[in-house]
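# Observations on the model geometry
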Amino acid sequence: DHSRGPRYLEHFPGHSWIQAHFPEGDSLALYQMWQVVDGVEKEALSEATIYKDGKFHEAKVIYSPRMLSTSNIVCDYQLIVESDLGRWELTGKPQGLAFFSYGTLMSHFTPSVPTGINEFFMTNVEQPTIFTCNGRRAVGHTERSYPRLEAEKVFDGELLKKAYGR
């Protein structure tokens, strides 16, 4: 929901937003965000929720896949959360990717406002994802962002061929 207006992201080095939905109705959602404070990167938000048997269960993120470069865009990843239901260890297998870049001012209302040398400094990657957890299979979505730095490597045909066999 971008209805609250522009987002000022000059101190925003990335996020992870992941959801998994199992056929029997169980679901998992998590959101993590990092920020830079006094030149030091820190976790600013880490929330996870499991939905099982008609109830929501607060969960703690033990490990989620922080994206720091294009080198792990198409790779399988691990995700671990704990709740009163126990520990869930999932493997996520991204099925493709769509990405876009944005600058220090992210706004759907002013999408072409230039931001100087920092224009388009972040890359956001969205991927349909298949998950496995204790022999169960789920479908979902992975969204992660990271500082652009070397984003153009996402076009590396050999990397894509290796990851997807195409």
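Position numbers for residues start from 1 in each chain and track the written sequence from start to end. The predicted nature of this model means local features are confined to residues of pLDDT at least 70 and side-chain atom pairs, given and counted, to a pLDDT of 80 or more, with totals for whole chains, interfaces and linings taken over all residues. Heavy atoms throughout the structure, all of them, feed into the side-chain values; hydrogens and water do not.

Helix and strand counts for the chain stand at one helix and eleven strands. The way it works is that DSSP assigns letters per residue, a run of H or I at least four long becomes a helix, a run of E at least two long becomes a strand, and they are numbered from the N terminus. Traced from its N-terminal end to its C-terminal end, the chain shows the element sequence β-β-β-β-β-β-β-β-β-β-β-α. Within the chain, buried positions represent 39% of all 166 residues. For the chain, long-range pairs separated by at least 24 residues make up 54% of all intrachain contacts whose partners lie at least 6 apart in sequence. Of the roughly 9600 Å² that the chain leaves accessible, carbon and sulfur atoms contribute 55%. Here's how the labels work: a residue is buried when its accessible area is under 20% of the maximum for its type, exposed when over 50%, partly exposed in between, all with a 1.4 Å probe on protein chains only. Residue contacts are counted whenever heavy atoms from the two residues lie within 4.5 Å of one another. Here the open area of atoms and residues is found with the Shrake-Rupley method and a 1.4 Å probe, where only the protein chains shown may cover a residue.

Before going further, it helps to examine unusual backbone geometry. Non-glycine residue D38 carries a positive phi angle of around 50°. By the element assignment, D38 lies in the loop between β3 (27-37) and β4 (40-52). Of note, N134 is a non-glycine position whose phi angle comes to about 50°, a positive value. Within the secondary structure, N134 sits in the loop between β10 (122-133) and β11 (136-147).

To continue, consider the pattern of salt bridges. Side chains carrying opposite charge are able to pair once their charged atoms draw close together. By salt bridge we mean one thing: a side-chain nitrogen of Lys or Arg within 4 Å of a carboxyl oxygen of Asp or Glu. Considering all chains together, one arrives at seven salt bridges under this definition. Notably, a salt bridge pairs K93 with D76, separated by 3.4 Å at the nearest N-O pair. Separated by 17 residues along the polypeptide, K93 in strand β7 (residues 86-94) and D76 in the loop between β5 (55-63) and β6 (77-83) bring together distant segments of the chain. What makes K93 partly exposed here is its relative accessible area of 40%.

Our focus in this paragraph is the confidence of the model for the chain. Mean pLDDT for the chain: 79, with 68% of residues reaching 70 or above. Of the regions scoring below 50 in pLDDT, residues 107-118 engages in 14 contacts with residues more than four places distant in sequence or in other chains. A score between 0 and 100, pLDDT records how confident the predictor is in each residue. Counted against residues more than four places away or in other chains, residues 150-154, with its pLDDT under 50, gives twelve contacts.

For the rest of this paragraph, the subject is the environment of E126. On the secondary structure map, E126 appears in strand β10. Taking the C-alpha atoms as reference, E126 lies 7.2 Å from H141; in sequence the two are 15 residues apart.

Our focus in this paragraph is the packing of aromatic side chains. Pairing of aromatic rings covers Phe, Tyr and Trp, the last counted by its six-membered ring, and requires centre-to-centre distances within 6.5 Å; plane angles under 30 degrees mean stacked, over 60 mean edge-to-face, and any other angle means tilted. With the rule as written, the count across this model stands at four aromatic pairs. Here the aromatic rings of F22 and W88 are separated by 5.9 Å at their centres, their planes lie at 90°, and the arrangement is edge-to-face. Within this pair, whereas F22 is found in the loop between β2 (14-21) and β3, its partner W88 is found in strand β7, the two being separated by 66 residues in sequence. Looking at W88, the relative accessible area reads 7%, which means it is buried. A ring has a charge above it when a Lys NZ or an Arg CZ is no more than 6 Å from the ring centre and no more than 35 degrees off the ring normal. The ring of W34 carries the charged tip of R66 above its face, separated from the ring centre by 4.0 Å. Across from the ring centre of Y77, 5.1 Å away, lies the NZ or CZ of R144, which sits over that ring.

In this section: the environment of Y146. Among the secondary structure elements, Y146 is positioned in strand β11. Distance in space between the C-alpha atoms of Y146 and N124 is 6.8 Å, their sequence separation being 22 residues.

To form a nonpolar core, buried Ala, Val, Leu, Ile, Met, Phe, Trp, Tyr and Cys residues must be joined to one another through side-chain atoms within 4.5 Å. Among the nonpolar cores identified, the biggest contains 17 residues, and L28, L30, L79, V81, W88, L90 and F131 are the most heavily contacted of them. In terms of residues, this core owes the most to one element, β6, which gives three residues. Beyond its immediate chain neighbours, meaning those up to four positions away, L30 contacts S16, W17, I18, E47, A48, V61, S64, L79 and V81. Judged by nonpolar contacts, the second largest core, of five residues, contains I73, V74, V125 and Y146.

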